[in-house]
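Examination of the molecular architecture
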Protein chains: 2
Amino acid sequence: MAVQTEAGPRTIVQNILDAVRAEGRDALTAPEGRAVVEAYGISTPGEALATNPEDAVAEATRIGFPVVLKIVSPDILHKTEAGGVLVGIKNAAEAADGYRTIVRNARHHNENARIVGVQVQQMLTQGHEVIVGAVTDPTFGKIVAFGLGGVLVEVLKDVTFRLAPTSRATAKQMVEGIKAAEILRGVRGAEPVDQEALATLISRVSDLVTDFPEISEVDLNPVLATSDKATAVDVRIIVGAETEPPSRFTREEILASMNRIMRPASVAVIGASAEAGKIGNSVMKNLVDGGYQGRIHPVNPKATEILGLPAAKTITDIDDDVDVAIFAIPAKFVPQALEEAGAKGVAGAILIPSGFGETGNQELQDEVVAIARKHGVRILGPNIYGYYYTPEHLSATFCTPYDVPGGVALSSQSGGIGMAILGFSRSARMGVSAIVGVGNKADLDEDDLLTFFEDDDHTQLIAMHLEDLKDGRAFAETAQRVSKRKPVIVLKAGRTAAGAKAAGSHTGALAGDDAVYDDILRESGVIRAPGLNDLLEYARGIPQLPTPKGENVVIITGAGGSGVLLSDACVDNGLSLMRIPDDLDQAFRAYIPPFGAAGNPVDITGGEPPSTYRNTIALGLEDPRIHALILGYWHTIVTPPMTFAELVVDVVDEYRARGIHKPVVASLSGDVEVEEASEHLYRNGIVAYPYTTEKPVAVLGAKYRWARAAGLL
Amino acid sequence: MAVQTEAGPRTIVQNILDAVRAEGRDALTAPEGRAVVEAYGISTPGEALATNPEDAVAEATRIGFPVVLKIVSPDILHKTEAGGVLVGIKNAAEAADGYRTIVRNARHHNENARIVGVQVQQMLTQGHEVIVGAVTDPTFGKIVAFGLGGVLVEVLKDVTFRLAPTSRATAKQMVEGIKAAEILRGVRGAEPVDQEALATLISRVSDLVTDFPEISEVDLNPVLATSDKATAVDVRIIVGAETEPPSRFTREEILASMNRIMRPASVAVIGASAEAGKIGNSVMKNLVDGGYQGRIHPVNPKATEILGLPAAKTITDIDDDVDVAIFAIPAKFVPQALEEAGAKGVAGAILIPSGFGETGNQELQDEVVAIARKHGVRILGPNIYGYYYTPEHLSATFCTPYDVPGGVALSSQSGGIGMAILGFSRSARMGVSAIVGVGNKADLDEDDLLTFFEDDDHTQLIAMHLEDLKDGRAFAETAQRVSKRKPVIVLKAGRTAAGAKAAGSHTGALAGDDAVYDDILRESGVIRAPGLNDLLEYARGIPQLPTPKGENVVIITGAGGSGVLLSDACVDNGLSLMRIPDDLDQAFRAYIPPFGAAGNPVDITGGEPPSTYRNTIALGLEDPRIHALILGYWHTIVTPPMTFAELVVDVVDEYRARGIHKPVVASLSGDVEVEEASEHLYRNGIVAYPYTTEKPVAVLGAKYRWARAAGLL
């Protein structure tokens, strides 16, 4: 807050909002809006309210021509469409005529509109039009928006969003971050606009909606930005009901529950069954076959023993503490069983059954959540396949056990996507710490998982499929913290309008505007995967690669054609091809034939023996100015695929032993033997693919995006 | 040509260009430029040339204020940067002052500039700024450009290109095809601009550069477009040397050569060898092992027999007609051997060796081309792996034979990419008619191949990797024709600035501007693949799919989560999710559980038996309003992967037998068994992939793009 007035800005705004509320309005008039933003130190053009044509002439003369005339009516929001705006009024006669025209148009547009008068406003003819606004987003709460204004940009939708409160530094990033930012910096000899003034204006809008949560929308459109200031020409403010912030658990509370849920000493299976094909049987088998070493308690009122384990009639009857209760019973039986589990003191209730919110039965879901809250139980699901945590050999799911331990933790909102994760992981032998179904997210959601995985030493990377966020702000804040330590990859389904519609029908979740998700996820350090396969490949590849120490990427290729495609992929993925210094260029040239091309890509040409690959790769690893290598291999008789793979592993290992760790990825072009060679490379920490120049570079690009966001570069 | 003047437009322009040339200039002055475009019926604002301040006042008064003043000097091209433009001159005093200021600025900018005077121009204050231009592109020759003008769009680069001559219909498409086209149609109550007038103006620019090839550049920037006309405010015209059009063969000549090259009755291998590891040995082995049934003649001065076949000392000594000579000898020996092969009457010389243009030895390459021309021999290469044509079991290459016949013809400019094509094809068992290396393209290039494959009954689709086009116009014209009959897929490497640089160092080819390639390839009906893997997957998948009969795509999914991602992919790939009519919605609902979601996607939910998949898929095939199906499968015990795959093949076959052919693609989510199930589906004409929702939809999208471009929808 910058500018102080006599009454104090908060008091001024509060008084105006009280008056608006007292009149039962939700939109502020233009003069009210102007007074509100001025109280927060935002400049507006000279203006006055005229209530008859003579007034209009007098005020226009005082303010100075040219002026703009605008209808003032609480019932007319879109003034232009109502014929309620006249620009370029040059003299007294035009002012008087203009007043009459506008009022006539407004009556014609809405005969019942209450007309307060006509606003006479100084007409600013200089400067760039920009838009600054704030809205209450259903997912993220208060967010601020900044974009270039004018009809053209409205069509091209060049706008960026951030969570409010927005720091001045973030506001500055917004000003610098739109696609057409170059315009504001001054092009073709034009003066740059005052970007500091714009950033200040944005942060003041942020202050305003943070101080007054009942303001649901602020629209400063246009703001005119010149070389020395930013002026809000038109102000539109809407008030709404104050929404209650979602209830949250503290980090300590989350960890206390999650630690018991992910590393339970004992689990109960409510609805355990001896009958093959039943979910309660699959869960029991997976717990046992998966190698879980904790205590397993089947619960079934009609059985005494299941899979050789003594069965209890109810969870109450179990003569042991229980950390986790896995529910494999129909939805309608869940409330009663959850009451019992709560009384027993479980930390987590894993609700596999469907038949809750996703089928329209929100009431039952709410009832179940209330029971859980009462007992301090956290719910996973409902409507899920369950979850895996490999460090405990825990496969609490009706799918199949998973047994390749490793550093990747995955979650999915959809069961189908969960199965794709499982199949891909098994096929690619991807090392996994956890796979978690979150389903309806009645309680536990992605930010709880992030909080657990953040401190979980078994987890190096977190990859999440999601269709919505129940509390986008909590997720963003958690991700911001976690992504500094571990990469967080998100596949946000329902990206597009059509996709968003399908999300609506699937989960009943409100589909967020993708542009908002995109900006806020990026700002939180999250790496967004464009598709399912990218999510999986990023998850698999990123932990394999050491974190680069700088931006200098070098391509070394035996196939010039691959070099071109790899270069294209570098640009697509935001990677910087290093400009090779002369001495380094000479050093590369010493190893390659005279008709090869040094520079970057380093084209060693196709007919070369293994030593050429080895020497150039070793040089790339050795020189500290190079930070990452992309290899393009071309299958020849002279250097067959496995020879290439083995020499690469060998030379990379040699440098690792010397403490030199650089990310190395490879694209292999050749006959089918390149498949086995790629696998050999991948198994040894070199992210390698056959028949594609895009994938290895995309994985390296994702690693770089994370490293930049985490401040490691 | 629309407007006729007394002297005739051609004469007017010719006289001006002659005068410019006589003075040794390459840039026209503004008045000259204006006269040229006016001769071609393009309106310009009222204007006059003033040679002193008094003149400026008089002319401005005559034209009417406000006016713009602009320096006129053959030595100052960028007038704004020289301080040579003043806008909004409102009265006589400003006009006189302005004249002096501009001349002073111009002298300051370039003290030697010849100053003709100052142009006094009517200032148009209404309308949208657009840019219309024409340039001589090194790849495509004369092209016209259209974009929205103004500083903002210059930054966002919203411009589109077409080959000149440009029909009025194409010009109209340009106006409608830019990203911000909505602006020109009128947004927020603004009047639409006269798009017909803009199209006319574009086609007149096209006429101008077509009539006068020596005009290398026309830049009308801005053109002001209003609701009733389009006026070229600023005209910049540059003349250059007339470039000779590349020499071309007729379609008949190309086919006569290509038919002998692709279906030779006999081939000679110059440099055939019995020594394993030699290229001349690999080629011999591949011809023999590949099963080629024609006559094979090894040529080697030192051998009498190779692989059991009698060897000739030179090609001259072969006692047989020879259609194709494959060269497996060092570059320096090629000219002499080619003379002999030419004298022998071969149709094609397959130049495997490197050491020509790509290593800087352009002279040797030119010599070889001259020899070929003299004898009427066409050259493939040099610097290639050779070529395959499976209908003849011909593997004329040093790689390995390929033996899965099918409808896909592929070519690559790079050997490395050729090997990737080979490996992918073998791994995916992709049916191939031909794989051709084009290398340096000293002679035969992509448009020759297109011409052959167009008429080749064995080829259904053509997929090409290219880094440049030697004659972009010939390619575009040929592709335009061929793509009407068969899909043409192109991977253009060197898309990006960094990529283009690498292309430069690899082939010495001038890298084209990608935006030009993109527009012109699209206009030619070519489907562009964004990457290597896409090229391969499109090539493999598109021929599997029948051509859809309409735009209505329906997703049927067992996994709601897949449905959302598949919907996203539809939007990304330009597919239209059908709005399901009520009766059809009811029909789907009859088969799915009450909590499933009809609409589109049709979400049958996860726990359903095979019959639910079968019934809904059958309905999708049966209903003639649905034109394509995307299936999302979710692995469950109730409907295991192979059960799903078999039922889909079964029901699709059933409808095929009834003459109903619709494209069906599938995304399979599940454990590793979905891999085998996907393969089974693919083998039966359903393009299916595990662990990805993107790929099957991308292939369907590519099929649709082709069908639309070919006018089949």
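Residues numbered from 1 in each chain as written. Chains lettered and ligands numbered in written order. Predicted model: local features only at pLDDT ≥ 70, side-chain atom pairs only at ≥ 80, totals over all residues. Heavy atoms only, no water.

- By the naming in an unreviewed UniProt entry, chain A goes by CoA-binding protein and is assigned to Cryptosporangium phraense.
- We quote the UniProt Sequence similarities (unreviewed entry) comment for chain A here in full: "In the N-terminal section; belongs to the acetate CoA ligase alpha subunit family." (UniProt positions renumbered as here; feature names shortened; annotations may be inferred.)

Considering helix α3 (residues 53-63) of chain B
Residue and element names in this part refer to chain B.
- Among all positions of α3, only Pro53, Ala56, Glu59 and Ala60 are buried. An end-on view of α3 places all buried positions within 125 degrees of arc, on one side of the element. Those residues of α3 that are exposed and aimed more than 90 degrees away from the buried face are Glu54 and Arg62.
- In this structure, the buried residues of α3 make contact with β1 (47-50), β2 (67-72), α4 (92-109) and β4 (117-122).
- The N-terminus of α3 is capped by asparagine 52, whose side-chain oxygen sits 3.1 Å from the backbone nitrogen of glutamate 54. (Buried < 20%, exposed > 50% of the residue type's maximum accessible area, 1.4 Å probe, protein only. Helix = DSSP H or I, 4+ residues; strand = E, 2+ residues; numbered from the N terminus. Arc of directions from axis to C-beta. Contact = heavy atoms within 4.5 Å. Polar contact = N/O pair within 3.5 Å; in protein donor to acceptor, adjacent residues only side chain to side chain.)

Considering the relation of the copies chain A and chain B
- Superposition record for chain A on chain B: RMSD 0.1 Å, screw rotation 180 degrees, translation along axis 0.0 Å. Read as a symmetry element, the transformation amounts to a two-fold axis.
- Mapped onto chain B, 100% of the interface residues of chain A again fall at the interface, so both copies present the same surface. (Least-squares fit on C-alpha atoms with pLDDT ≥ 70 in both.)

Some remarks on the packing of helix α22 (residues 641-657) of chain A against helix α23 (residues 673-683) of chain A
All names here are of chain A.
- Interaxial distance between α22 and α23 falls to 8 Å at its minimum, and their mutual angle equals 10 degrees. In terms of axis orientation, α22 runs roughly parallel to α23. Helix-helix and strand crossings are classified by hand; for α22 and α23 the assignment is right-handed. Contacts between α22 and α23 involve Pro641, Met642, Phe644, Ala645, Glu646, Val648 and Val649 from the first element and Glu673, Val674, Glu676, Ala677, His680 and Leu681 from the second.
- Considered class by class, the residues forming the contact of α22 with α23 number 9 nonpolar, 1 polar and 3 charged. (Axes fitted to C-alpha atoms, helices over the stretch in contact; angles between N-to-C directions. Parallel < 35°, antiparallel > 145°, perpendicular 65-115°, else oblique. Left-handed = near helix turned anticlockwise from the far one by under 90°. Nonpolar A, V, L, I, M, F, W, Y, C, P; charged D, E, K, R; others polar.)

Some thoughts on the packing of helix α6 (residues 168-177) of chain A against helix α8 (residues 195-211) of chain A
Residue and element names in this part refer to chain A.
- One way to put it is that α6 packs onto α8 with a least axis distance of 8 Å and a crossing angle of 120 degrees. Taken together, the axis directions place α6 and α8 in an arrangement best described as oblique. Seen along the crossing, α6 lies across α8 with a hand that is right-handed. Counted together, Arg168, Ala171, Lys172, Met174, Val175 and Glu176 of α6 and Gln195, Glu196, Leu198, Ala199, Thr200, Ile202 and Ser203 of α8 form the full contact between these two elements.
- Among the residues making up the contact of α6 with α8, the classes are represented as 6 nonpolar, 3 polar and 4 charged.

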